[in-house]
Amino acid sequence: APGSVRERELAEALKSTDPQDADVVFFVFASGGARARRAPIGEASVSLREMLRANREYKRVRLPAVSMDKKRDVGFVTVSVTALKTLERVRRIQGQRAPSPPPPAVGGRADDVITIHVSTLALEPAQQREPEVENLSVEIELLDLEDKSALVTETLPKGDGRLPVSFGYKHDVPITRGENREKQLKSALKSPLAVASDVAFYVYSSARGGSRRTFLGDATVNLKRLLEERREEREVTLPVLSEEGKTRIGMLTVGVIGLPTLQ
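Keep in mind the model is a prediction, meaning the values are calculated, not measured.

(A) The arrangement of the pairing of strand E6 (residues 135–142) in detail. Within E6, six of the eight residues are buried, which leaves it mostly tucked inside the rest of the structure. Here E6 pairs with strand E9 (residues 198–206) via eight bridges, running antiparallel. The partner of Leu142 across the bridge, within E9, is Val199.

Here it is in structure tokens:
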């Protein structure tokens, strides 16, 4: 509805630096029976931004559904998305409301963000068989953020191992011009220690009710390397290594998006 929260959310998605924010995603689920846990086996998507750019709608379009790790096709879904009038109205309102851009400031932009995704985790067979490993969660460490509660996925059961655990986590970390977080980022990128600019993903296991919480291993993405190579990790699958770094406990698919912020 005009002026509603959803309209503002749609406007933000259409102008987001991450194109996936404007996707309509269709998840395909499978289950083994009435009591079995439903698990996503694949997905297909339609881009609202592309619909608006191409001035078209999708009516009974057949889309390929790909597995959650993006490695294989799982079938096709026939979908419809009709929203062109709404998208045009939101774009028109955006143009009317758009303020003049602020003058560029040395060392940062007011709307800079680093976007973190945690998609899936596939355990190694040995970890899958471990009875102490019942539930899984991922904590993210980025700089020395004061609000760490947002940088945690939900805790999910490990399942039977036939499919990876799908977290579907996304969080935008704002880097505001002139504030402490921007200074921390600059310092980390200049540090001779590579670990200072790591985005670390810590994998934890727990038993029922959250008891016996145990660190399993971690994976990292280095911001300084992304800056030097002028690239982003929109979706990358990383080995999760044990604390001593010798044992692989699984493969974690994540994303770290924010090259304009790093520059």
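(B) Local environment of helix H5 (residues 180–190). Taken residue by residue, H5 has Arg181, Glu182, Leu185, Ala188 and Leu189 as its buried positions. Projection of H5 onto a plane perpendicular to its axis shows the buried side chains occupying an angular sector of 125°, all on one side. Residues of H5 that are exposed and angled more than 90 degrees away from the buried face: Asn180, Lys183 and Lys190. On its buried face, H5 is in contact with strand E5 (112–123), strand E8 (165–175), helix H6 (223–228) and helix H7 (259–262).

(C) Just a nonpolar patch on the surface, in detail. On the surface, a nonpolar cluster with roughly 260 Å² of combined accessible area is contributed by Val25, Phe27 and Phe29. Topologically, Val25 is positioned in strand E1 (residues 23–30). Its relative accessible area of 33% is what places Val25 among the partly exposed residues.

(D) Structural context of the packing of aromatic side chains. Taken as a whole and judged by the stated rule, the model has two aromatic pairs. For the ring pair Tyr204 and Phe215, a centre distance of 5.6 Å and an interplane angle of 65° mean the geometry is edge-to-face. A residue pair is termed long-range when its members are at least 10 positions apart, and Tyr204 in strand E9 and Phe215 in strand E10 (residues 214–222) qualify at 11 residues. Among the residues examined, Tyr204 registers a relative accessible area of 17% and is labelled buried. According to the relative accessible area criterion, Phe215 is partly exposed, its value standing at 27%. Against the face of Phe76 rests Arg62, its NZ or CZ located 3.9 Å from the ring centre. The ring of Tyr204 has Arg213 sitting right over it, with the charged end atom 3.8 Å from the ring centre.

Calculation criteria
Residues numbered from 1 in each chain as written. Predicted model: local features only at pLDDT ≥ 70, side-chain atom pairs only at ≥ 80, totals over all residues. Heavy atoms only, no water. Buried < 20%, exposed > 50% of the residue type's maximum accessible area, 1.4 Å probe, protein only. Helix = DSSP H or I, 4+ residues; strand = E, 2+ residues; numbered from the N terminus. Pairing = 2+ DSSP bridges. Arc of directions from axis to C-beta. Contact = heavy atoms within 4.5 Å. Patch = residues over 30% accessible without salt bridge, like charges linked within 9 Å, V, L, I, M, F, W, Y side chains within 5 Å. Areas by Shrake-Rupley, 256 points an atom, 1.4 Å probe, with all protein chains shown as cover. Salt bridge = Lys/Arg side-chain N within 4 Å of Asp/Glu carboxyl O. Phe/Tyr/Trp six-rings, centres within 6.5 Å; stacked < 30°, edge-to-face > 60°. Lys NZ or Arg CZ within 6 Å of the ring centre and 35° of its normal.

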